[in-house]
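# Chain and residue survey
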Amino acid sequence: MIVTLIVLCEVAFWVLLAAGLALRYVARKPRAGAAVLLCEPLLEVVLLVVTAVDLRNGAEPDWKHGLAAVYIGFTVALGHSTVKWVDARVAHRFAGGPPPVKPPRYGRARAAHEWRTAARWSLAAVIAIALLQAAAWYVGDEGDTGSLEMWRGTMLWVIGINLVIAGSYTLFPKRDPQEPVGS
């Protein structure tokens, strides 16, 4: 049931996003579109409540409960930037908006962009870790929380990989091929 709900939440996220943007740009009802987009966090609340109820009703914590926590963490931390990214492209394509701003390609600006990206992904992982820990405490000593611990370890890897990527752009910045070598 939890996996089905996660899939339904993901599908509903994209359906709400499409509906909100259609209202905003096709129907020219920006307030209605914003109202639909503001419903998206309710999906995470529903998933969190159902997962907690499932655990409270005696379900043995397993990878599905961990996946729910990870999904919620990533949606909370990355959902807003995803909506902004899609919104900018839809506005440009269908409403005559300005072209979306592309991320910088070189130097310090690129490194700063990578650190912001790493911060968002790390926040997602930290939220997931907090939810996983809360689930482990919620289950208590009676349940086997090994699968939740496995997910926590995976989230630490996500943080580490993002920090390595951002750090590599800082230590080894990509240079603009148009830039003179001595500058």
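If you're wondering where the values come from, they're calculated on a predicted model, not measured in any experiment.

On to the overall build of the protein, then. Helix and strand content of the protein: six helices and zero strands. Traced from its N-terminal end to its C-terminal end, the protein shows the element sequence α-α-α-α-α-α. For 183 residues, the compact-globule estimate of 2.2 N^0.38 gives 16 Å, and the protein exceeds it by more than 25% at 20 Å. Dimensions of the protein along its principal axes, counting C-alpha atoms only, are 65 × 50 × 20 Å. Here the protein holds 183 residues, and 36% of them are scored as buried. Contacts in the protein between residues at least 24 apart in sequence constitute 73% of all its contacts with a sequence separation of at least 6.

Let us now look at helix α1 (residues 2–26). Under the 1.5 Å per step criterion, the end-to-end length of α1 is 35 Å for 25 residues, consistent within 8% with the ideal 36 Å. The inward-facing, buried residues of α1 abut α2 (30–37), α3 (40–56) and α4 (63–95). Downstream of α1 by a residue or two, R28 has a phi angle that is positive, lying close to 60°.

On to the environment of A88. Along the polypeptide, A88 turns up in helix α4. A88 gets classed as partly exposed once you look at its relative accessible area, which sits at 27%. A88 has contacts with P98 and P100, leaving out every residue within four places of it along the chain.

The next subject is the environment of L23. By the element assignment, L23 lies in helix α1. What makes L23 partly exposed here is its relative accessible area of 26%. The spatial distance from the C-alpha of L23 to the C-alpha of A34 is 8.5 Å, given a sequence separation of 11 residues. Setting aside anything within four residues of it in sequence, one finds L23 in contact with R28, K29, P30, A32, G33 and V36.

In this model, R28 sits at a positive phi of 60°, which is unusual for a non-glycine residue. Topologically, R28 is positioned in the loop between α1 and α2. Its relative accessible area of 56% is what places R28 among the exposed residues.

Right, let's talk about a nonpolar patch on the surface for a bit. Among the surface-exposed residues, V7, V11 and V15 lie close enough to one another that they form a single nonpolar patch of about 260 Å² accessible area. Relative to the assigned elements, V11 resides in helix α1.

Attention now goes to the packing of helix α5 (residues 107–139) against helix α6 (residues 146–171). In contact at an axis separation of 9 Å, α5 and α6 are set at 170° when each is read in the N-to-C sense. In terms of orientation, α5 lies roughly antiparallel with respect to α6. Taken together, the residues of the contact of α5 with α6 sort by class into 21 nonpolar, five polar and three charged.

What counts, and at which threshold
- Residues numbered from 1 in each chain as written.
- Predicted model: local features only at pLDDT ≥ 70, side-chain atom pairs only at ≥ 80, totals over all residues.
- Heavy atoms only, no water.
- Helix = DSSP H or I, 4+ residues; strand = E, 2+ residues; numbered from the N terminus.
- Rg over C-alpha atoms; globule rule 2.2 N^0.38 Å.
- Buried < 20%, exposed > 50% of the residue type's maximum accessible area, 1.4 Å probe, protein only.
- Contact = heavy atoms within 4.5 Å.
- Expected span 1.5 Å × (residues − 1).
- Patch = residues over 30% accessible without salt bridge, like charges linked within 9 Å, V, L, I, M, F, W, Y side chains within 5 Å.
- Areas by Shrake-Rupley, 256 points an atom, 1.4 Å probe, with all protein chains shown as cover.
- Salt bridge = Lys/Arg side-chain N within 4 Å of Asp/Glu carboxyl O.
- Axes fitted to C-alpha atoms, helices over the stretch in contact; angles between N-to-C directions.
- Parallel < 35°, antiparallel > 145°, perpendicular 65-115°, else oblique.
- Nonpolar A, V, L, I, M, F, W, Y, C, P; charged D, E, K, R; others polar.

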